[in-house]
Amino acid sequence: MILPITAYGHPILRKIAVDIEEDYPNLQQLVDDMYETMHATSGVGLAAPQVNLSIRLLVMDATPYADEDPQAKDFKRVLINPEIIEEEGENWVFNEGCLSIPDIREDVERISNIRIQYYDENWKFHDERYTSVMARIIQHEYDHLEGILFVDRVSNIRKMLLKRRLLDISKGNIDVKYKMIFPLKKKGRR
Ligand code: NI
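Each chain has its residues counted from 1, running along the sequence as written. With pLDDT at 70 or above as the cut-off, local features in this predicted model cover only qualifying residues; side-chain atom pairs require 80 or more to be listed or tallied, and sums for whole chains, interfaces and linings still use all residues. Neither water nor hydrogens contribute to the side-chain values; these are computed over all heavy atoms in the structure.

Caption draft 1: Layout of the nonpolar core. Residues enter a nonpolar core if they are buried and are Ala, Val, Leu, Ile, Met, Phe, Trp, Tyr or Cys, with the set joined through side-chain atoms within 4.5 Å. A 1.4 Å probe rolled over the protein chains alone gives each residue an accessible area, and that area as a share of the maximum for its type sets the label: buried under 20%, exposed over 50%, partly exposed in between. Met34, Leu46, Leu57, Ile101, Ile104, Val151 and Leu166 are the most contacted members of the largest nonpolar core, which has 37 residues in total. By residue number, the principal contributor to this core is helix α1 (residues 27-40), which donates six residues. When neighbours within four sequence positions are excluded, Ile101 is seen to be in contact with Tyr8, Leu149, Phe150, Val151, Leu166 and Ile169. Residues Ala47, Tyr65, Phe75 and Tyr142 belong to the second largest nonpolar core, which totals 23 residues. Secondary structure elements are taken from DSSP: a helix is a run of H or I of four residues or more, a strand is a run of E of two residues or more, and numbering for both begins at the N terminus. We call two residues in contact when some of their heavy atoms are within 4.5 Å.

Here is the structure:
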């Protein structure tokens, strides 16, 4: 089932998401739905708050970046209760977008290398290091679990320039091909 995506301004995107336990109800169904939603919306990552659930769960499919980063080839992962335990290396700029913020892309500076610990959908523990694009996708999705959005990480002048467009997204005044939950949309208006 394709799930609707929470749009910029939705309060759940600002909450700190909580860890889940192994007995979390219908976890496999949720993971399947998140994959289906991510693929239907052409995303490379999707965090649970974007489908209106404040839990620490991400799905990723980095395949579209396989040319830029060999680690991305066939990289499909479910990250449960992830924790970035180290960030090091250079600051580098990468152009980011987000399913919750359609049609806006901005250059964002982040640190190049990360070490992350998480559980997969079989509750197997992983401790891994990533660089470049792979690290970037994880950092972006991880931010969602902390209530942070990529537009928070741009300069104040860029923030000012984006203000109007972000408000339009919250109100649903945008053309978007997938279903979204707009926090400021007036009832009865299409
Ligand atoms: Ni995002």
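That covers the picture; the talk isn't over yet.
Caption draft 2: The arrangement of the pairing of strand β3 (residues 57-61) in detail. β3 sits mainly inside the fold: five of its five residues count as buried. Strand pairing is defined by DSSP finding a minimum of two bridges between the two strands. In this structure, strand β2 (residues 45-47) lies alongside β3, joined through three bridges in antiparallel fashion. Across the sheet, residue Leu46 finds its bridge partner in β3, namely Val59.

Caption draft 3: Local environment of the side chain of Arg56. Within the secondary structure layout, Arg56 lies in the loop between β2 and β3. The exposure class of Arg56 is buried, given its relative accessible area of 8%. Two N or O atoms count as a polar contact when they lie within 3.5 Å, although within protein this holds only if one can serve as hydrogen donor and the other as acceptor, and sequence-adjacent residues are included solely when both atoms are side-chain atoms. Within the local environment of Arg56, its side chain forms a polar contact with the backbone oxygen of Leu145, the two atoms lying 3.4 Å apart. Excluding residues that lie within four positions of it along the chain, Arg56 makes contacts with Ile16, Ala17, Val18, Asp19, Leu79, Ile80, Asn81, Pro82, Tyr142, Leu145 and Glu146.

Caption draft 4: Seen up close, the sheet that holds strand β4 (residues 76-98). Judged by pairing direction, the sheet is antiparallel, and its five strands sit side by side in the order β2-β3-β4-β5-β6 without closing on themselves. Of all the strands in the sheet, the pair left with one neighbour each is β2 and β6 (125-131). Strand-to-strand twist of the sheet, defined as the mean angle between neighbouring strand axes without regard to direction, takes the value 45 degrees. Pairing geometry for strand β5 (residues 101-119) and β6, over seven bridges, is antiparallel. Across the sheet, Tyr119 pairs through a bridge with Phe125, a residue of β6. Sitting on the sheet, helix α2 (residues 132-145) touches β2, β3, β4, β5 and β6, and the angle it makes with β4 is about 115 degrees. Axis definition: a line fitted to C-alpha atoms, over the contacting stretch in the case of helices. Angles run 0 to 180 degrees between N-to-C directions.

Caption draft 5: Highlighting the coordination of the nickel ion. Donor atoms (N, O, S) are those found within 2.8 Å of the metal centre, with the cutoff raised to 3.2 Å for Na, K and Ca; water is not part of the atom list, so apparent gaps in a site can occur. In the first shell of the nickel ion, the protein supplies Cys98 (SG), His140 (NE2) and His144 (NE2), at 2.1 to 2.3 Å from the metal. Positions of the donor residues of the nickel ion along the chain correspond to the pattern C-x41-H-x3-H. Within this pair, whereas Cys98 is found in strand β4, its partner His144 is found in helix α2, the two being separated by 46 residues in sequence. By relative accessible area, His144 is classed as buried at 1%.

Caption draft 6: Main features of the environment of Ala135. Of note, Ala135 is situated in helix α2. It is 26 Å that separates the C-alpha atoms of Ala135 and His10, two residues lying 125 residues apart in sequence. Residue contacts for Ala135: discarding those within four places in its chain leaves Ser112, Ile114 and Tyr130.

Caption draft 7: Here's a closer look at unusual backbone geometry. Of note, the phi angle at Asp74 is positive, near 55 degrees, even though the residue is not glycine. Of note, Asp74 is situated in the loop between β3 and β4.

Caption draft 8: Structural view of the side chain of Asp33. Relative to the elements of secondary structure, Asp33 occurs in helix α1. Counting rule for charge: Lys and Arg are taken as positive, Asp and Glu as negative, and neither His nor the chain ends is counted. Throughout this description, the term salt bridge denotes a Lys or Arg side-chain nitrogen within 4 Å of a carboxyl oxygen of Asp or Glu. For Asp33, which is buried and forms no salt bridge, the nearest opposite charge comes from Lys179, at a distance of 13 Å. Not counting the four nearest positions on each side in its chain, Asp33 is found in contact with Met1 and Leu3.

Caption draft 9: Summary view of the packing of aromatic side chains. Geometry of aromatic contacts follows a simple scheme: Phe, Tyr and Trp rings, the Trp one being its six-membered ring, pair when their centres are within 6.5 Å, and the pair is stacked under 30 degrees between planes, edge-to-face over 60, tilted otherwise. One pass over the full model with this rule turns up five aromatic pairs. Seen in terms of ring centroids, Tyr119 and Trp123 are 5.8 Å apart; in terms of plane orientation they differ by 45 degrees. Their pairing is tilted. Overall, Tyr119 belongs to the partly exposed group, its relative accessible area being 31%. Feature note: the residues Tyr65, Trp92 and Phe94 constitute an aromatic cluster, connected by ring pairs. Here, a charge over a ring is recorded when the distance from Lys NZ or Arg CZ to the ring centre is within 6 Å and its angle to the ring normal is within 35 degrees. Residue placement shows Arg56 over the ring face of Tyr142; its charged tip is 5.8 Å from the ring centre. Between the NZ or CZ atom of Arg136 and the centre of the ring of Trp92, over which it lies, the distance is 4.7 Å.

Honestly, that's just the spatial picture; any functional story needs more than this.
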